[in-house]
Structures are given as structure tokens and as C-alpha cells.
Amino acid sequence: MTVPTEHLLALAGVLFSLGVAGFFLRRNLIVVLMSIELMLNAANLTFLAASRHHSRVGAADLQGPVFGIFVIAVAAAEAAVGLALVIALYRRKQTVSLDRVDELRD
Amino acid sequence: MHEATWLVWIPLLPLLGAAAAGAVHFLALRSRARGADATGGASGAGGAWIAIAAIGASFLLGLRGFLALRGEHAEALRSPTWDWIDVGGWSVGVSVVLDRLSSVMTLVVTGVGLLIHVYAAGYMKGDPGYAKFFAFLNLFVAMMLLLVLSSSLPGLFVGWEGVGLCSYLLIGFWYAKGWPAEAAQKAFVVNRVGDAAFLLGMFLLAGLFDTLDLSSLNAAVEGAVRDGHGPQLALAAFLLFGGACGKSAQIPLFVWLPDAMAGPTPVSALIHAATMVTSGIYLVVRLNPLFAASPELLFFIGLVGALTALVAGTTALVQRDLKKILAYSTVSQLGYMFLALGAGAWASAIFHLVTHAFFKALLFLGAGSVIHGMRDEQDVHRMGGLRRHMPRTFWTFTLGAAALSGIVPLSGFFSKDEILFHAFERGGAYYLLWAVGIATAAVTALYAWRMVGLVFFGAERFDAREVHPHESPPLMTVPLVILALLATGGGLLGLPEVLHAPHLLHDWLHPVVERGDAILAAATGAVPVASGASAATEWLLLVLGAGIAFAFAHRGFHAHRQGTASDERFAARRPQAARLFGDAWGVDRGYAKWIVQPVKIGAFLVAVVVDQFAIDGLVNGAGNLARSLGQRVRRMADGSIASYGLWMGGVTAALALAWIWIG
């Protein structure tokens, strides 16, 4: 008894929407970064679900998992850079709230 | 063809001299700026000696080349060729070629130029731009030598433009006065008209012959005529003649030369009498086969020359500015040279060019000496009786005037008479040109001796308390004496045939012009020039020319030795003629009315309507558009990461959708 592909895709969609909502609605930069990670993982889940959907016995489709591994690697790098930015921002402004970071306006 | 690398030094030495004199000028400027002005006006004197040494060495090299040509009976000496332009199978090489024609020109340019340099060392003494003046003068000589020595038409053109530039610089040498700067611009602009024609002619020749090497061109003309390219050749020659008209101040482009007298007098002598203005004649003689190929064009050239001679000669009759008289006289004499070219008498044109260089340089330098001694007075009506004050200038100037008017046996008599004889010899429509020429000879004698009478004889019409005329220093009078000797004896270069003496210049130039003579003979069926009409005709013309010159010189001298009464009588009795002659037959006024004025109106319209409304509107409109667009777009950048994310995500999604939809 396996979980149907549709369920997996629905879960991925819910995760992605949560990420999008967090990205747009939250003001804490760390939470925004976490939301981005959530969206990336929703994409990963989609890849794996699609990969399983296309695999047959004795002929596994490996494109999806490989993509997932790449995405995880990039996400790790992105998290490193993002968190470094957060630290730099905090040192400068003593805050990580996006409401206070709007120097590019005008 | 003999290789001779040292030839390149002939134009190169004055060029280096110009650079050195220019450096002296800058050093003098710097020391003056530092206030170390202990030497006063003498600062930069070194520039003059550098320039004189450079042109002197160049003269000696020219002499060496001349002797080599004579000794070895070689056709030409040639320096190694420098490939100037080499693109797509088309190449232009430039080398320095000294053949029989360019050796004559080189000796005139450097010889007369050397004398004028020495004279100028005295004349310009105390001028703040002393060394700069010599830098320009040497640069001019270098460019003139490039013009006469270049092996190809583009090289010649570089020299042609270079002398135009130097002419501009030297006419406007005293630019702070205002009007010399305007005269310089006028000279430059009028010459530009001719130069445009020159360029077009050159393009046409390049298209026809695929080469611009002068000797190849000359060799190819005959074949092109046989192939039926006659009309194109005539057009090219006509365009080149347009360039010659500008440089040599012929109708309708002569208006710049009288104004060019705003420059210092040595400049007038060197550039606007002896050398640069004769480069048009040189060009025609250099390409004589091309011009000989269309006899109709030759007649047209002769007509232009004859008319210019008459118009400028009559204008010189009534001028009061001493230098203006000489300027119009130069235009008139250049007209004679073109008359000679029109008659196919190439060597006679060069002969007159040489004698004219002697006597007109002499006259200009004499005039400069007079002006120098009279504290910058140029109006002949306010001179008079100067022969007592400046005897050497008087004698030399009078010899120059005698040579100009064609008094036997001075140089001008032989060269002018030869031109008239050749015009007469051609017959047909050329009789008309001959008649104009002989009338001009009478006019020439009149104005030449009017000048002598008004300047050196009669009562002193200046304020003796203000002006103390004095003889010029030896630095200036020695060149005068040498030039006077040359102007007197220059006729020996070309004695008339009937005297059974060798015509040295004809014999010397024969190899250069024989191709043109042959083509002309084939085209018109006429016998080549100097094959000899009857001796009786020649004697008759000689005596007629001598008689007319003498009679009118006598009349001009005696009418004006008493003072200005004769001029006033003429103005009162013939007011229309006086007015017509006074402003050069209205040519300048016509230009002002029909060209300068419309151009100014057009320029005003363009400045106000086109520039301020159309162009400015376009440019400002573009700026305003960009700004208002930017005002709207800037709202996107509100500093909130969420909105940037929205834009990025939204646009990415839109693109993805579009890709799915289209793809």
C-alpha cells in the first residue's frame, strides 16, 4: 500500500503555499529565510514524487533524486550566505525586522 | 631613375627647423611668463637662425640635386618609396622625386624663400611671436617642398593642404588685431571650395586609372584617350583646375588673395607672390598630358587666365593700399601664367612663374621696407618723395616695377612676351586672349609706375613731424639687392627664339612637357609650340610688347610723379569706372550679396527654428520622457523585500506561463 502521487503533490503544494505566505507576511528575516527553505523542500518533494511516478520495477528514474540532492546543496549554500547576511544586518542595525530595512526606497 | 635617399632631407630639414623654432618659441614664452624678460624683444632670436639654417641647407641639397640631374642627364632622382596607403589591392606610395620640373620649383621655393627668411629676420625684429613666425614659415616651406616633390597625387594634396594651413596661420599671424583673423578665415574657406573640386578630380582619376602615381597617370593618359575616356579625363582636369583656381587666385576664387595682405609682408612675398599661389600652375604643368587631352578645356583655362589678368590689373590701377596694389598685380600675373597654360606653352608658364617669383618677391619686400620705414603706413597717397630717404629700397623697387611692367631687357619682358607670342601663335580664338593679354600689359605698366611715382617721387604727403622715413637695416636691403639682380637678369633663362640664343628653360623642361605637347598636337592638329612662326611676326610682337610697356610705363610714371592729382582726376571724370575698378569689378560684393548673405540668413533660420525647436525639442523631449517614465517606475522600488519578491515571483510566473502557452 503506497501513498498515491496525488497526495504527495498536494502536500508539496500546501508546503509551498505556507512558504510563500511566510515569505510575504512575516517580518522577521530569519523566518523569511526559513520560508524560502520550505518552498525549496516543497519543490524537492515534487521532484521525488514525479520520479517515483515515472519509475518502473528494474528501471528507477534517477533524475528526480539527483535534482533533489542538488537543490539541497544549493539550499545549504544559500542558508550560509543568508544567515551571514542576517548577522551582518543585525550588527549594523541591532534588528532583523524587515520593516526597519528600507534604505533602497527612493 | 636614380635612387637617392638623401632627397627626403629637402622637405624634412625645414620640417625639423619648424619644430626646433617652435620649441624656441615655447621656451621664450616660458621665460617671459617667469618674468625673466631681461632680453626684451630679442627673446626667441635663435628661432630665426635655426629656420634660416634649415632652409639654407635645403637650398644646397636642391642645388646638389639640380647639378646631379644636369650632370648625369638622368630623367629624375627618386627616393625609396614609402607605402602610405595599402588596402584591398589599392596602394598609394609616396616618394620624393626630383625631376627637371620639380628641381626648378625647389630652387625657386628654397632660394627665394631663403632670401625672404633673411629679410624677415630683420623685418619681424621685436615681434613677440618672433620664433613662432619662423616656425610657421619653415613649416610652410616644408609643405611647399612636399607639394612639388611628391611622386603621387595624394602626397601632393597633403602638401597642398599643408601650405593652405600655413597660409591661414600666417595671414592671421597678428590675429589680435581682428581683421587678419577674418582674412585668414576667408582665405581658408575660399580655398576649401577649390580643394573640394581637387579632391573630386582626384577620385575621378583614381577610378579611371587605378593609380594616383603622377608619372603613371601621365603615361596612361594617351591610352585612355584612345579608349574613348576623353570626357571623363576632361571632367577630372576641369575639377583639378578648380583646385588650381582656388590656390592660384583665379576668377572666380581670387577674392581671398587681396585680403590675405593682412599678414606680415614677408608672408605676402613668400606665400602670396612667389610660391604657394603658383602651385596651381605647377599642378597643371605636372599633369600636362591630362590637360592637353582636352583642347577646349585648355582654351577655357586660357580665357579664365586672361580675364583674371585684365580684371585684377584694372583693379590694381586705382587701389591706394600699397600691398593691395601688389596683391591684385599678383592675381593678374598669375592670370598670365594660366593664359600661357591655356596656349599649351607649359615651359613659358614656368618661365613667368620663375621671373614673377623674383620680381614680385622683390616688390613685396620693397613695399615691406617702405612700410617699415613709414611706421606702418600703407596708403600710397600719404607717401611721396621717399627716394631721398631710402635710396636702396628705391632703386631695387624701381627695378622690380620695371621688370613687372616688361621694360626691355628685364626679366618680365621676356617671360610676358613669350606668353603673348605663344597665344598669338595658336591663332583662332586665341587672338582674343592675346588682345586681352596685351591690354593687360599696358595696364600693368600703368599701375607699376603709378606705384613708383606715388611712393618715391613728388612732394612728401605725410606729416614729417610724426613720421621719419628711414632706410631699412642691411639684413633687409641685402636680400632686396640680390632679388633685384635676379629680377633684372632672370630673362637670360629664356631668350626669344629670334635672337638665336638657347632658351635654357625650354630645353631644360623639354622632357617633362613633351608628352603634353605631343597629345596637344595630335588633338588639335597644330604644330607643337615653339616650332617657330615666322621670324618677322616674332620681331613685330617683341617690338610691340616693348613699345606698349615703355609707353604706358612712361605715361603712368609722369601722370603720378607729381602727386595724387591724376588719381583724383580719374575718379572725377570716370566715376563709374573708378568705382568698378575700386572694388574689383564687384566680385566680392556679389559674393557678399548672393552667397554670404543667403548663407547667413539660412544659418540664422537653422539656429532659431531648426535647432531651438526641432533639435532641442527632440533632445529635451527624450530627456523629459525618460524622467516621467522613471517617476512612475520608481514606485516599484519601495524598499520592502516582500514587494521585490512579489515582482520577481510574479514576473517569473508570467514568463513561465507565457513559455508554456507559446511553446
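Up top is the structure.
Read on for an overview of the structure.

### Points about the overall build of chain A
Working step 1: Within chain A, the secondary structure is distributed over three helices and zero strands.
Working step 2: Listing each helix as α and each strand as β along chain A from the N terminus yields α-α-α.
Working step 3: What you see for chain A is a C-alpha radius of gyration of 18 Å, clearly larger than the 13 Å of a compact globule of 106 residues, by over 25%.
Working step 4: With the C-alpha coordinates aligned to their principal axes, the bounding extent of chain A is approximately 55 × 25 × 25 Å.
Working step 5: Across chain A, the fraction of contacts at a sequence separation of at least 24, relative to all contacts at a separation of at least 6, is 50%.

### Considering the overall build of chain B
Working step 1: The number of helices and strands found in chain B is 25 helices and five strands.
Working step 2: Projecting the C-alpha coordinates of chain B onto the three principal axes gives extents of approximately 110 × 70 × 55 Å.
Working step 3: Counting over 663 residues, chain B shows a buried share of 53%.
Working step 4: Partitioning the intrachain contacts of chain B with sequence separation of at least 6 by distance along the chain shows that 81% fall at a separation of at least 24.

### Thoughts on helix α2 (residues 29-54) of chain A
Residues and elements named next belong to chain A.
Working step 1: For α2, built from 26 residues, the straight-helix expectation of 38 Å at 1.5 Å per residue is met to within 8% by its first-to-last C-alpha distance of 38 Å.
Working step 2: Buried residues of α2: Leu29, Val32, Leu33, Met39, Leu40, Ala42, Asn44, Thr46, Phe47 and Ala49, and no others.
Working step 3: For α2, the elements touching its buried residues are α1 (5-25) and α3 (63-93).

### Some details on unusual backbone geometry
All names here are of chain B.
Working step 1: In this structure, Pro252 follows Ile251 across a cis peptide bond, with omega equal to 5 degrees.
Working step 2: Relative to the assigned elements, Pro252 resides in the loop between α8 (230-247) and α9 (256-259).
Working step 3: Residue Val408 is joined to Pro409 through a cis peptide bond whose omega torsion reads 0 degrees.
Working step 4: Within the element layout of this structure, Pro409 appears in the loop between α16 (391-405) and α17 (411-426).
Working step 5: Positive phi outside glycine occurs at Asp210, with the angle close to 65 degrees.
Working step 6: Mapping Asp210 onto the fold places it in the loop between α6 (179-209) and α7 (214-226).

### Topic: the pairing of strand β4 (residues 90-94) of chain B
All names here are of chain B.
Working step 1: With five bridges joining them, strand β3 (residues 82-87) and β4 adopt antiparallel strand pairing. Opposite Val87, over in β4, you have Trp90 as the bridge partner.
Working step 2: Adjacent in sequence and paired antiparallel, β3 and β4 are bridged by two residues, among which Gly88 carries a positive phi angle near 50 degrees.

### What to know about the nonpolar core
Working step 1: Core analysis: the largest hydrophobic core is formed by 224 residues, its most contacted members being Phe140(B), Ile350(B) and Ala361(B).
Working step 2: Among the elements that make up this core, the one with the highest residue count is helix α4 (residues 130-149) of chain B (18 residues).
Working step 3: With residues near it in sequence (within four places) discarded, Phe140(B) still touches Val163(B), Cys166(B), Leu170(B) and Ile271(B).
Working step 4: Counting residues in hydrophobic clusters, the runner-up holds five residues, among them Ala12(A), Leu40(A), Ala42(A) and Ala49(A).

### Quick look at the environment of Arg382(B)
All names here are of chain B.
Working step 1: Following the sequence through the fold, Arg382 ends up in the loop between α15 (346-373) and α16.
Working step 2: Between the alpha carbons of Arg382 and Ala74 there is a distance of 55 Å; along the sequence they are 308 residues apart.
Working step 3: The residues contacting Arg382, other than those within four sequence positions of it, are Glu377, Arg461 and Phe462.

### A closer look at the packing of helix α2 (residues 45-72) of chain B against helix α3 (residues 100-123) of chain B
Residues and elements named next belong to chain B.
Working step 1: Between α2 and α3, whose axes approach to 9 Å, the crossing angle comes to 155 degrees. Viewed along their axes, α2 and α3 adopt a mutual orientation that is roughly antiparallel. Between α2 and α3 the crossing geometry is left-handed. Of the residues in α3, those in contact with Ala48, Ala51, Ile52, Ile55, Gly56, Ser58, Phe59, Gly62, Leu63, Gly65, Phe66 and Leu69 of α2 are Arg100, Ser103, Thr106, Leu107, Thr110, Gly111, Gly113, Leu114, His117, Val118 and Ala121.
Working step 2: Looking at side-chain class alone, the contact of α2 with α3 contains twelve nonpolar, ten polar and one charged residues.

### Here we look at the environment of Leu208(B)
All names here are of chain B.
Working step 1: Inspection of the secondary structure puts Leu208 in helix α6.
Working step 2: Judged by the 18 C-beta atoms lying within 10 Å of it, Leu208 is partly exposed.
Working step 3: Distance in space between the C-alpha atoms of Leu208 and Gln232 is 8.1 Å, their sequence separation being 24 residues.
Working step 4: Not counting residues up to four positions away in its chain, the partners in contact with Leu208 are Ala224, His229, Gln232 and Ala236.

Here is what the cut-offs are and how they apply
- Residues numbered from 1 in each chain as written.
- Chains lettered and ligands numbered in written order.
- Predicted model: local features only at pLDDT ≥ 70, side-chain atom pairs only at ≥ 80, totals over all residues.
- Helix = DSSP H or I, 4+ residues; strand = E, 2+ residues; numbered from the N terminus.
- Rg over C-alpha atoms; globule rule 2.2 N^0.38 Å.
- Contact = placed C-beta atoms within 7 Å.
- Buried ≥ 20, exposed ≤ 12 C-beta atoms within 10 Å, placed from the backbone.
- Expected span 1.5 Å × (residues − 1).
- Pairing = 2+ DSSP bridges.
- Core = buried A, V, L, I, M, F, W, Y, C linked by C-beta atoms within 7 Å.
- Axes fitted to C-alpha atoms, helices over the stretch in contact; angles between N-to-C directions.
- Parallel < 35°, antiparallel > 145°, perpendicular 65-115°, else oblique.
- Left-handed = near helix turned anticlockwise from the far one by under 90°.
- Nonpolar A, V, L, I, M, F, W, Y, C, P; charged D, E, K, R; others polar.

Spatial relationships are all this shows, so hold off on functional conclusions.
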